[in-house]
Amino acid sequence: MSIILISLLSLSPLLTGAVPVGVCYGRVAADLPPPASVISLLNSNGISRIRLFNPDPAALAPFSGTGIELTIGVPNEILPTLANGTVAASLDWLQSNIFSYITPTQLRYLAVGNEVLQKDPFYTPFIVPAILKLHQALQILGLSEIIRVSSSHAATILATSYPPSTGAFLPDVKPVLIPLLQFLRDTGSPLMVNIYPFFTYVDNDHQQVTLEYATFRSSMVEMDGGLAYTNMFDAAVDAFVYAMEREGFQGIPVVVTETGWPTGGGDGGSAENAFAYNGNVVRRALGDVGTPKRPGVGVEVFLFDLFDEDGKSGTEYEKHFGIFGIDGNKAYDISFN
């Protein structure tokens, strides 16, 4: 092994202590700040981890040499090409689309596909084969112990999630999910999930799902066996832990690749509620609070979103998750350290 690769391995992000909170850098908007201004904004706010949903060179290249760690999405539409191609083709894809712009030490995770199982099912058969090819390519580069490979999933892949101890995966996703969990266990990689208590609040009876419980402001305690829950975020994370254990997979970490609260656009969307939710997520992550099921085991999270995305379709609140305005001012007084 070369001296360079030995040095890279010694810098593996998985070997560090408590991890900082990341932020998603969505770019479906017309008037985003220029990349240089974005980097300056991140540095001035102590944000050292970013999730990009695809390896767009215009967004990726400015991060080179900044020290900011990246989680980069492999777009759903690329999965068939990687799955059906050779390992050499995956190696070429990595070199051409990622390592031509940043050094390997800046890449923490590859998120292979986003919410495919429920929202883009055509690509479902290609998830695990694409992951295996990319992992083999990273092994050839000597980077498989530095860069972890997984796939990001919507919370709706759970058939049941409340109470958390009943957590179970939908039967129709198991043929793909079980091989994925085997890979995650074998490689020490996390299950990536997108968790939005806001959506649960909006889509349900507010007497059953209260705003206070969704935003960490409830004085009520929900008991599940001997475990006490005071917020929906913990309950959602633990439902995934129970669901994995139900399939025989113990100890796989959970990384929340998206979570957030909108500042407007409809019921419950406000800067006050966004500050309460996101602020508590940050404090708990930085404090390694963990969840009732895994106390003291901090949950790595990526807040959604860096800026509002006015180009998004769908419900109005989808456009109002931005933590910062395009002028760089915070939408509410959140701290990342």
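Residues numbered from 1 in each chain as written. Predicted model: local features only at pLDDT ≥ 70, side-chain atom pairs only at ≥ 80, totals over all residues. Heavy atoms only, no water.

By the naming in an unreviewed UniProt entry, the chain is Glucan endo-1,3-beta-glucosidase-like, taken from Salvia divinorum. On record in UniProt, under Sequence similarities (unreviewed entry), the comment for the chain is "Belongs to the glycosyl hydrolase 17 family." (UniProt positions renumbered as here; feature names shortened; annotations may be inferred.)

Draft legend 1. Local environment of the packing of aromatic side chains. With the rule as written, the count across this model stands at 22 aromatic pairs. Arranged with centres 5.0 Å apart and planes meeting at 85°, the rings of Phe122 and Tyr123 form a pair that is edge-to-face. Aromatic pair Tyr196 and Phe304: ring centres 6.3 Å apart, planes at 80°, arrangement edge-to-face. Of this pair, Tyr196 sits in the loop between strand E8 (191-194) and helix H9 (197-203) while Phe304 is found in the segment after strand E12 (300-303), placing the two residues 108 residues apart along the sequence. Its relative accessible area of 10% is what places Tyr196 among the buried residues. In this structure an aromatic cluster arises from ring pairing among Phe53, Tyr196, Phe198, Phe199, Tyr201, Phe216, Phe233, Trp261, Tyr277, Phe304, Tyr317 and Phe321. (Phe/Tyr/Trp six-rings, centres within 6.5 Å; stacked < 30°, edge-to-face > 60°. Helix = DSSP H or I, 4+ residues; strand = E, 2+ residues; numbered from the N terminus. Buried < 20%, exposed > 50% of the residue type's maximum accessible area, 1.4 Å probe, protein only.)

Draft legend 2. How the structure looks around unusual backbone geometry. With an omega of -10°, the peptide bond running from Tyr162 to Pro163 counts as cis. For Pro163, the location among the structural elements is in the loop between strand E6 (158-160) and strand E7 (168-169). The linkage connecting Phe304 with the following residue, Asp305, adopts the cis geometry, with an omega of 25°. Structurally, Asp305 is set in the segment after E12. Of note in this structure, Phe216 is not a glycine but carries a positive phi near 70°. Judged by its relative accessible area of 14%, Phe216 is buried. Of note, the phi angle at Asp288 is positive, near 50°, even though the residue is not glycine. Of note, Asp288 is situated in the loop between helix H12 (271-286) and E12.

Draft legend 3. Summary view of the side chain of Thr215. Structurally, the position occupied by Thr215 is in the loop between helix H10 (211-214) and strand E9 (222-224). Side-chain polar atoms of Thr215 contact the backbone oxygen of Leu211, separated by 2.7 Å. Non-local contacts of Thr215, meaning those with residues more than four positions away in its chain, are made with Trp261, Asn273, Ala276, Tyr277 and Asn280. (Polar contact = N/O pair within 3.5 Å; in protein donor to acceptor, adjacent residues only side chain to side chain. Contact = heavy atoms within 4.5 Å.)

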